[in-house]
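Next come the chains, spelled out residue by residue.
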Amino acid sequence: MTTATATRKPRQPRLTVAQKAEALLANSHLWLRARAIGNTARCIGYLIPSNTVGGKYHLTNGKQCDCKAARAGRHCCHVVAAAAYIAQKRAEAAQAAAAAAAMLTDDAAHFTRWSATVDARTPEAADASDVVLAGVA
Ligand SMILES: [Zn+2]
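Being a predicted model, the structure only gives us computed values, none of them experimental.

Trainee: It is not clear to me how the overall build of the protein should be interpreted in this structure. Could you clarify?
Mentor: Along the protein, the regular secondary structure elements total four helices and three strands. Relative to its 137 residues, the protein shows a buried fraction of 12%. Relative to all contacts within the protein whose residues are 6 or more apart in sequence, the contacts with residues 24 or more apart total 32%.

Right under this line is the structure:
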């Protein structure tokens, strides 16, 4: 008697949209910036590599996407990944702006200390020093 043993390939667990988006975000260095024709300084979205078709990219701006799922009205991983990326970049820009503002404030404080030092070296201050020195001598 022969027994047939089915050799089935283990089924890959289905990933959620959030898991796929997380994987895409981890590879955001592979994304391409989409720029407006005639205004190449303006980023209008990102071209994100397709999860299923090699060499294919999906255009998304974090709100809309041209992939099959989005066209079918479903929530897609490209939109989620791009929205997270944009939020992350905005937070980084806000943090950099805050750091720059703090640096300017520090500069203002430094300037105030510096000008106080200069004021202390004015002729009147020098006279005061002379008085103290004269008292010691
Ligand atoms: Zn999509």
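Trainee: Sorry if this is basic, but what is going on with the confidence of the model for the protein here?
Mentor: Interpreting fine coordinate detail is not advised for predicted regions of low pLDDT. Summing up the model confidence of the protein, the mean pLDDT is 82 and the portion of residues at 70 or higher is 81%. For residues 125–137, every residue scores under 50 in pLDDT, and the model assigns this stretch two contacts once sequence neighbours within four places are set aside.

Trainee: Can you walk me through the pairing of strand β3 (residues 57–60) in this structure?
Mentor: Here is the key point about a regular strand: its side chains alternate between the two faces of the sheet. Of the two faces of β3, only one is covered, namely that formed by His58 and Thr60; the face formed by Tyr57 and Leu59 stays uncovered. Sheet topology places strand β2 (residues 39–49) next to β3; four bridges connect them, and they run antiparallel. If you follow Pro49 over to β3, its bridge partner there is Tyr57.

Trainee: Where do I start with the nonpolar core in this structure?
Mentor: A general trend in soluble globular proteins is that nonpolar side chains are found buried together. Of all hydrophobic cores here, the largest spans 13 residues; its most connected members are Ile48, Cys77 and Ala81. Elements that contribute at least two residues to this core include exactly α1 (17–26), β2 and α3 (77–120). Tallying contributions element by element places α3 first for this core, with five residues. In this structure, Ile48 is in contact with Leu24, Trp31, Tyr57, His58, Thr60, His78, Ala81 and Ala82, ignoring residues within four places of it in sequence.

Trainee: Teacher, can you tell me more about the pairing of β2 here?
Mentor: Looking at chain direction, strand β1 (residues 32–36) and β2 are connected through five bridges and run antiparallel. Its bridge partner lying in β2, Leu32 is registered against Leu47. Hairpin geometry of β1 and β2 is characterised by an intervening segment of two residues between the two adjacent antiparallel strands and by a positive phi of about 90° at Gly38.

Trainee: Any chance you could explain the sheet that holds β3 here in plain terms?
Mentor: Hydrogen bonding along the main chain pairs the strands of a sheet, whether they run parallel or antiparallel. Across the sheet, which stays open at both edges, the three strands sit in the order β1-β2-β3 with antiparallel pairing between neighbours. Only two strands of the sheet have a single partner each, and these edge strands are β1 and β3. Direction aside, neighbouring strands of the sheet carry axes that sit 45° apart on average.

Cut-offs used in this document
- Residues numbered from 1 in each chain as written.
- Predicted model: local features only at pLDDT ≥ 70, side-chain atom pairs only at ≥ 80, totals over all residues.
- Helix = DSSP H or I, 4+ residues; strand = E, 2+ residues; numbered from the N terminus.
- Buried ≥ 20, exposed ≤ 12 C-beta atoms within 10 Å, placed from the backbone.
- Contact = placed C-beta atoms within 7 Å.
- pLDDT = per-residue confidence, 0-100.
- Pairing = 2+ DSSP bridges.
- Core = buried A, V, L, I, M, F, W, Y, C linked by C-beta atoms within 7 Å.
- Axes fitted to C-alpha atoms, helices over the stretch in contact; angles between N-to-C directions.

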